[in-house]
Amino acid sequence: MESRSVSRQTANDTASGETRARPAGPGGVLWRHLIEPYLYLSPALVLIGLVMAVPLAIGISYSFQSITLLRPLDSGWVGLENYRDLWSDRKFWRAFANTFQWTFGSLAFQFGLGLGLALLLNTAFAGKRLIQALVFLPWAVPAFLSALTWAWLFNPVIGPIPHWLAALGLLDEAENILADPALAMWGPIVANIWFGIPFFAITLLAALQSIPGELYEAAEIDGASPWQSFTKITLPFLAPMIAITVMLRTIWIANFADLIFVMTGGGPADSTQILATYIFTTAFRKLDFGYASAIAVALLALLLVYAAVLMMIRQRLVRT
Amino acid sequence: MARMELNGIAKAYGTVEVMRDIDLVIEDGEFVVLVGPSGCGKSTLLRMIAGLEPITAGDFTIDGERMNEVPPRERDIAMVFQSYALYPHMDVARNMGFSMEIARAPAAERQGRVAAAARTLGLDTLLARLPRALSGGQRQRVAMGRAIVRDPRAFLFDEPLSNLDAALRVEMRLEIARLHRKLGATMVYVTHDQVEAMTLADRIVVLEAGRIRQIGAPLDLYERPANRFVAQFIGSPTMNILPVTAEAGAVRLADGSRIEMPQARPGASHLGIRPEHLEVTDPGEGQIVGTADVVEHLGSDTNIAVSVAGIGALMVRRQGTATLRPGDRIGLGIAPGKAHLFDAEGRALRPAPAD
Ligand SMILES: Nc1ncnc2c1ncn2[C@@H]1O[C@H](COP(=O)(O)OP(=O)(O)O)[C@@H](O)[C@H]1O
Ligand SMILES: [Mg+2]
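Residue numbering note: each chain is counted from 1, following its sequence as written. Ligands are numbered from 1 and chains lettered from A, in the order in which they are written. The predicted nature of this model means local features are confined to residues of pLDDT at least 70 and side-chain atom pairs, given and counted, to a pLDDT of 80 or more, with totals for whole chains, interfaces and linings taken over all residues. With hydrogens and water excluded, all non-hydrogen atoms of the structure serve as input to the side-chain values.

Q: When you look at the overall build of chain A in this model, what are you seeing that I'm missing?
A: Helices and strands together make up the secondary structure of chain A, namely 14 helices and two strands. The globule rule used for comparison is 2.2 Å times the number of residues to the exponent 0.38, while the radius of gyration itself is calculated over C-alpha atoms. Relative to the compact-globule value of 20 Å for 320 residues, chain A shows a C-alpha radius of gyration of 27 Å, a clear excess of over 25%. Burial classes: relative accessible area under 20% of the type maximum marks a residue as buried, over 50% as exposed, and values in between as partly exposed (1.4 Å probe, protein chains only). Expressed as a percentage of the 320 residues in chain A, the buried residues total 36%. Should any heavy atoms of two residues lie within 4.5 Å, those residues are considered in contact. Expressed as a percentage of contacts within chain A between residues at least 6 apart in sequence, the contacts between residues at least 24 apart total 66%. Areas reported as accessible are Shrake-Rupley estimates using a 1.4 Å probe. Residue values count occlusion only from the protein chains shown. As displayed, chain A has an accessible area near 18500 Å², and 70% of this comes from carbon and sulfur atoms. Helical segments are the DSSP runs of H or I of at least four residues, strand segments are the runs of E of at least two, and each set is numbered from the N terminus.

Right under this line is the structure:
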């Protein structure tokens, strides 16, 4: 205790000593408030610039160039040509629409089922530890492997799912939905739901466990039914966490090409092509990096708009 | 209106029994205080009354209706928690009116009741604040306001003042007494502070290790404690307990002094005397002689720790100031009729004619 007060005093002394040593006047103020802080920040700024800003700038600059490895002599600046092509590209707009179906189809079920699981895991029941451990399992499996496994499950020759769906009357006959352009997207979506539930279950469970139990007791005494406790206490407490996880997850899913790439490769007939897989095939199959970069910039703009909207909603929720 | 009846209530967590044989009737409009040391089961008993804790055995009725399996929201009881349990995401007005919001009462009626309660508690200017922007005392008032707006048939309090500083505690204590007089509702109040118990209660229930040791009006417990535990728990400073040997019509202390007591009979093992019932005399007078060790001047009173050869330390309380100094030899006289006698099991021995 004594030594702490002594050291504090020393720190004060040094601080005042420094202030006195520095030249007074407008030049000193400029130095202290405008330049000095950035000097201290410069290592971090340089690092961020190197690993984030530079690649981003290079990527964006690619979208204004023609970089096709198959025609190396044609490369050079082309202005907005890539974007003009994009505007009239039917495949792009198809992938654009598919991205919405893929993202929000996956997200809604991942979130709904993840929240349900979190609520379940937040109650006391026998075998809870085992279930909690099992919940993590989909994460331990590499995405590539789960994609293959799900592709097999949907294959009527070796997998049971088509037969179950037919038995339930959801399918006319036990066919492979991955081969049906009208249904193919639901194959990777189902795999993605399975893959993404743990994320929501675990983050929402952590948020649930931070709600003081006494609030529920107070609400119960105030006459609240379980549903009213959920809507008036649980949801407001979860709202900030929901907003941030939904945002992160949306961005992640929109960029997540692995499952689709392995399960359908974007087909049949581009029916499962999303922007992320379209970028991938354009860049690495057609080797057209300029055009791929233009698609990537379009996807980035889309996600930025989405994030901004969600942040606005979040702020409104947190205020009330 | 609420008359509560607890018949043979017991509570066990798994195989651990924490409470048994609780028989208690709380009359309509009565202010009952549950008091006892930490861990004796006060909160558990209160939570069983509220319905937050299942009752392991026994019957609990309100106004003759069995309540054991009735959920809290149907018991029509309000509770003020020790930690207040305010909803942190709702402002003061919404916190206070939450029970009416739940019941979908008309907004105008709700605002009216909240405003009335806020006026009573001096919260008018704070209605738009969130709980985290309130002081401890203000939060405590909001918690009380929430209970008042609820307009229940009974109020439960679980150590509502234990997080407040001393001055605020006295103020809120008066506030609660005033509230009880104004509303006339049944109130059950848990505390470990015997001063709160003595000042607020119509009747006090003293608990120890999950069992009721005595039920009675505050002065009853003070003047006629049923056992050593209650005798020492009620009153401050604590009652002095001295081992004695019984003789006919008197007891003999360990230092050899003889004290006449009509209730003395074979089996008496301890004498209890409150610090305020020991009179300081000149050495040689009184029944006991000792040396003042510590003299605490409280202004209105003086506490004197006296060490007596063969007996040990005794606490003496004198009204007003005393000119004593540590090291002074003094005599102590036991005020006639004020000493208590207990048998080896700690039960109080009473003079034959009384009860
Ligand atoms: N959930 C629980 N599980 C097991 N024992 C408990 C639980 N809650 C309370 N107890 C025990 O019950 C006894 C009474 O606790 P409590 O009513 O909180 O005491 P008080 O409020 O008088 O301090 C204590 O011995 C405590 O350890
Ligand atoms: Mg307690």
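Q: I would appreciate a short explanation of the domain arrangement of chain B in the present structure.
A: Interfaces are often sized by the accessible area lost when the parts come together. Residues and elements named next belong to chain B. Its domain assignment divides chain B into domain 1 (4-228) and domain 2 (237-349). Computed from C-alpha coordinates alone, the two centres of domain 1 and domain 2 are separated by 38 Å. Facing seven residues of domain 1, the contacting portion of domain 2 comprises ten residues. A simple way to read buried area is as the amount of 1.4 Å-probe accessible surface that goes missing from two parts once joined, with both sides added. Between domain 1 and domain 2 the total buried area reaches about 700 Å² when both faces are included, carbon and sulfur atoms providing 55% of it. One speaks of a salt bridge when a side-chain nitrogen belonging to Lys or Arg is within 4 Å of a carboxyl oxygen belonging to Asp or Glu. Between domain 1 and domain 2 we count zero salt bridges in total. Polar contacts here mean pairs of N or O atoms no more than 3.5 Å apart (in protein, one a potential hydrogen donor and the other a potential acceptor; neighbouring residues in sequence count only if both atoms are side-chain atoms). The interface formed by domain 1 and domain 2 includes four residue pairs in polar contact (both at pLDDT 80 or more). Looking at which element gives the most residues to the side of domain 1 that touches domain 2, the answer is helix 8 (residues 218-223), with three residues. Residues are grouped as follows: Ala, Val, Leu, Ile, Met, Phe, Trp, Tyr, Cys and Pro are nonpolar; Asp, Glu, Lys and Arg are charged; every other residue, Gly included, is polar. Of the residues belonging to the side of domain 1 that touches domain 2, the class tally is four nonpolar, one polar and two charged. Where each domain begins and ends is defined by an automated method or by a domain database.

Q: Explain the environment of Leu41 of chain A here, please?
A: Checked against the element boundaries, Leu41 of chain A lands in helix 2 (residues 26-62). The sequence separation of Leu41 of chain A and Lys91 of chain A amounts to 50 residues, and the corresponding C-alpha distance is 45 Å.

Q: Would you mind showing me how to read the interface of chain A and chain B here?
A: On the side of chain B, 24 residues touch chain A, which itself brings 18 residues to the contact. Buried area between chain A and chain B, both sides added, is near 1800 Å², and the carbon and sulfur share of it is 60%. Among the residues of chain A in contact with chain B, Ile221, Asp222 and Lys232 of chain A are the three that bury the most area, contributing 38% of the side total. Scanning the region where chain A abuts chain B turns up two salt bridges. Of the charged contacts in the structure, one is a salt bridge between Arg47 of chain B and Glu217 of chain A, with a shortest N-O distance of 2.7 Å. Inspection of the chain A/chain B interface yields nine residue pairs in polar contact (both at pLDDT 80 or more). Broken down by secondary-structure element, the contributors of at least two residues to the side of chain A that touches chain B are helix 10 (213-221) and helix 11 (226-254) of chain A. Residues belonging to the side of chain A that touches chain B are distributed by class as follows: nine nonpolar, four polar and five charged.

Q: Help me understand the pairing of strand 18 (residues 312-319) of chain B, please; the structure alone is not making it clear to me.
A: Side-chain direction in a regular strand flips from residue to residue, so the side chains alternate between the two faces of the sheet. All names here are of chain B. When DSSP locates at least two bridges between a pair of strands, those strands are taken to pair. In terms of strand pairing, strand 17 (residues 301-308) meets strand 18 through eight bridges, oriented antiparallel. Pairing of Ser307 across the sheet is with Ala313, part of strand 18. Linking strand 17 to strand 18, which pair antiparallel, is a turn of three residues; within it Gly310 sits at a positive phi near 85°.

Q: It is not clear to me how the pattern of salt bridges should be interpreted in this structure. Could you clarify?
A: Two side chains of opposite charge can pair, provided their charged atoms sit close to one another. Residue and element names in this part refer to chain B. For the structure on display, the rule yields 28 salt bridges over all chains. Asp21 is the partner of Arg20 in a salt bridge, and the nearest nitrogen-oxygen pair spans 3.8 Å. Look at Arg20 and you get partly exposed, because its relative accessible area is 35%. Between Glu260 and Arg258 there is a salt bridge, and its shortest N-O distance comes to 3.5 Å.

Q: Quick question: what am I supposed to make of the pairing of strand 1 (residues 4-13) of chain B here?
A: Residue and element names in this part refer to chain B. As paired elements, strand 1 and strand 2 (residues 16-26) share seven bridges and run antiparallel to each other. Bridge pairing links Leu6 to Leu24 in strand 2. Judged from the five bridges that link them, strand 1 and strand 4 (residues 57-62) form a sheet pairing that is antiparallel. Paired with Glu5 across the strands is Thr61, a residue of strand 4.

Q: Can you walk me through the site of ligand 1 in this structure?
A: Residues and elements named next belong to chain B. Note on terminology: near, applied to a residue and a molecule or strand, indicates that one of the residue's heavy atoms is within 4 Å of it. Taken together, Tyr13, Val18, Ser38, Gly39, Cys40, Gly41, Lys42, Ser43 and Thr44 make up the full set of residues adjacent to ligand 1. Here Tyr13 contributes a side-chain N or O atom positioned 3.3 Å from a nitrogen atom of ligand 1. In the complex, the protein chains occlude 55% of the 560 Å² of accessible area that ligand 1 would expose alone. Considering every element that reaches the shell around ligand 1, the biggest residue donor is helix 1 (residues 42-50), with three residues. Here the residues of the shell around ligand 1 sort into three nonpolar, five polar and one charged.

Q: In this structure, what is going on with the nonpolar core? I would like to understand it.
A: The nonpolar side chains of soluble globular proteins are, as a tendency, buried together. Within this scheme, the nonpolar core is defined by two criteria: the residues are buried Ala, Val, Leu, Ile, Met, Phe, Trp, Tyr or Cys, and they are joined through side-chain atoms within 4.5 Å. Formed by 87 residues in total, the largest nonpolar core has its most connected members in Trp102 of chain A together with Met4, Leu34 and Phe60 of chain B. Per element, the largest residue contribution to this core is twelve residues, and it comes from helix 9 (residues 186-209) of chain A. Ranked by size, the runner-up nonpolar core spans 45 residues in total, among them Ile148, Leu179, Ile204 and Val206 of chain B.

Q: Looking at this model, I keep getting lost on the packing of aromatic side chains. Mind explaining?
A: For any pair of aromatic rings, geometry is given as the distance between the ring centres together with the angle between the planes. Residue and element names in this part refer to chain B. The aromatic pairing rule takes the rings of Phe, Tyr and Trp, using the six-membered ring of Trp, and pairs them if the centres are within 6.5 Å, calling planes under 30 degrees apart stacked, those over 60 edge-to-face and the rest tilted. Counted by the stated rule, this structure contains 25 aromatic pairs over all chains. An angle of 15° between the planes, with centres 6.3 Å apart, marks the rings of Phe155 and Phe157 as stacked. By relative accessible area, Phe157 is classed as buried at 1%. Sitting over the face of the ring of Tyr13, Lys11 holds its NZ or CZ atom 4.9 Å from the ring centroid. Lysine and arginine charges are scored as sitting over a ring when NZ or CZ, respectively, is within 6 Å of the ring centre and within 35 degrees of the ring normal. The residue whose ring lies beneath Arg274 is Tyr222, and the NZ or CZ to ring-centre distance is 4.3 Å.

Q: Even after reading the chapter, I still don't get helix 6 (residues 166-183) of chain B, so can you show me in this structure?
A: Since one α-helical turn is 3.6 residues long, residues separated by three or four positions face the same way. Residues and elements named next belong to chain B. Here helix 6 is 18 residues long and its end C-alpha atoms lie 26 Å apart, about the 26 Å a rise of 1.5 Å per residue gives. Buried residues of helix 6: Met172, Arg173, Glu175, Ile176, Leu179 and His180, and no others. End-on view of helix 6: buried residues confined to an arc of 165°, all on one side of the axis. Structural note: helix 6 exposes Ala167, Arg181 and Lys182 on the side pointing more than 90 degrees away from its buried face. Of the surrounding elements, those touching the buried residues of helix 6 are strand 3 (31-35), helix 4 (107-121), helix 5 (136-150), strand 7 (154-158), strand 8 (186-191) and helix 7 (194-200). Where helix 6 terminates, the next one or two residues include Gly184, which has phi positive at roughly 65°. To estimate the expected span of a helix, count its residues, drop one, and scale the result by 1.5 Å. The reported arc concerns the directions from the helix axis to the C-beta atoms and nothing else.

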